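The residues making up each chain are set out below.
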Amino acid sequence: MVDVSKYRDMLNARLKELNVRLREIEEELDSHQSKDWEELAVEREEDEVLEGLGTSGQDEIIKINAALARIEEGEFGFCATCGTEISSERLDVLPHTPFCRDCAAKHA
């Protein structure tokens, strides 16, 4: 049986990290106000990278919230596709995954 409290703590810690990172990205995006055209061009390129990081962070937050909901529903640690228990080794690496290794390969 999966140690749900361990993974709940991991997921909540990661959620806090992501929220801090997203706030920092937002502040950085809001701070770009250069009047110089060359600097503005560089800032816009940097903004694209930051926006990409923000989008991936938001996607991870959605997955973490879904995993936390599965914990509350008593479904955490079981594959959403086949119902088998997800290995603790896989959950240690990717605690928000809803799929066992075999089903994840099919969804890729």
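Residues numbered from 1 in each chain as written. Predicted model: local features only at pLDDT ≥ 70, side-chain atom pairs only at ≥ 80, totals over all residues. Heavy atoms only, no water.

Things to note about the confidence of the model for the chain
Confidence in the prediction of the chain, expressed as mean pLDDT, is 90, and 94% of residues score 70 or more. Ranking the elements of the chain by mean pLDDT puts helix H2 (residues 37–73) last, at 87, and helix H3 (residues 88–93) first, at 96. (pLDDT = per-residue confidence, 0-100. Helix = DSSP H or I, 4+ residues; strand = E, 2+ residues; numbered from the N terminus.)

What to know about the pattern of salt bridges
A complete count under the given rule lists 5 salt bridges for this structure. Close ionic contact of Arg8 with Glu72 constitutes a salt bridge, the shortest N to O distance being 3.8 Å. Residue Arg8 is found in helix H1 (residues 4–31), and its partner Glu72 is found in helix H2; the two are separated by 64 residues along the sequence. Of the residues examined, Arg8 reaches a relative accessible area of 30% and is grouped as partly exposed. Salt-bridge contacts for Arg14 lead to Glu17; the nearest nitrogen and oxygen are separated by 3.0 Å. Of this pair, Arg14 and Glu17 both sit in helix H1, separated by 3 residues, roughly a single helical turn. (Salt bridge = Lys/Arg side-chain N within 4 Å of Asp/Glu carboxyl O. Buried < 20%, exposed > 50% of the residue type's maximum accessible area, 1.4 Å probe, protein only.)

Remarks on the environment of Gly54
Within the secondary structure, Gly54 sits in helix H2. Remark: the alpha-carbon pair of Gly54 and Glu39, spanning 15 residues in sequence, is separated by 22 Å. For Gly54, the contacting residues outside a window of four places in its chain are Leu22 and Ile25. (Contact = heavy atoms within 4.5 Å.)

Brief notes about the nonpolar core
Proteins that are soluble and globular tend to have nonpolar side chains buried together. Among the nonpolar cores identified, the biggest contains 19 residues, and Leu11, Ile64, Leu68, Phe76 and Leu91 are the most heavily contacted of them. For this core, the secondary-structure elements that each account for two or more residues are H1 and H2. Excluding residues that lie within four positions of it along the chain, Leu68 makes contacts with Arg8, Leu11, Asn12 and Leu15. (Core = buried A, V, L, I, M, F, W, Y, C linked by side-chain atoms within 4.5 Å.)

Let's talk about the packing of aromatic side chains
Within this structure, the stated rule accounts for 1 aromatic pair. Ring geometry for Tyr7 against Phe76: centres 5.7 Å apart, planes inclined by 40°, an arrangement best described as tilted. Here Phe76 lies in the loop between H2 and H3 and Tyr7 lies in helix H1, a separation of 69 residues in the sequence. For Tyr7, a relative accessible area of 2% translates into the label buried. For Phe76, a relative accessible area of 4% gives the class buried. (Phe/Tyr/Trp six-rings, centres within 6.5 Å; stacked < 30°, edge-to-face > 60°.)

What about the state of the cysteines?
Here is the idea: a disulfide is a covalent bond, and it sits between the sulfur atoms of two cysteines. Tallied over the full model, the rule gives 0 disulfides. The thiol sulfur of Cys79 is not disulfide-bonded, and the nearest other cysteine sulfur, from Cys103, lies at 3.7 Å. Relative accessible area serves as the criterion here: at 5%, Cys79 is assigned to the buried category. (Disulfide = S-S within 2.5 Å.)

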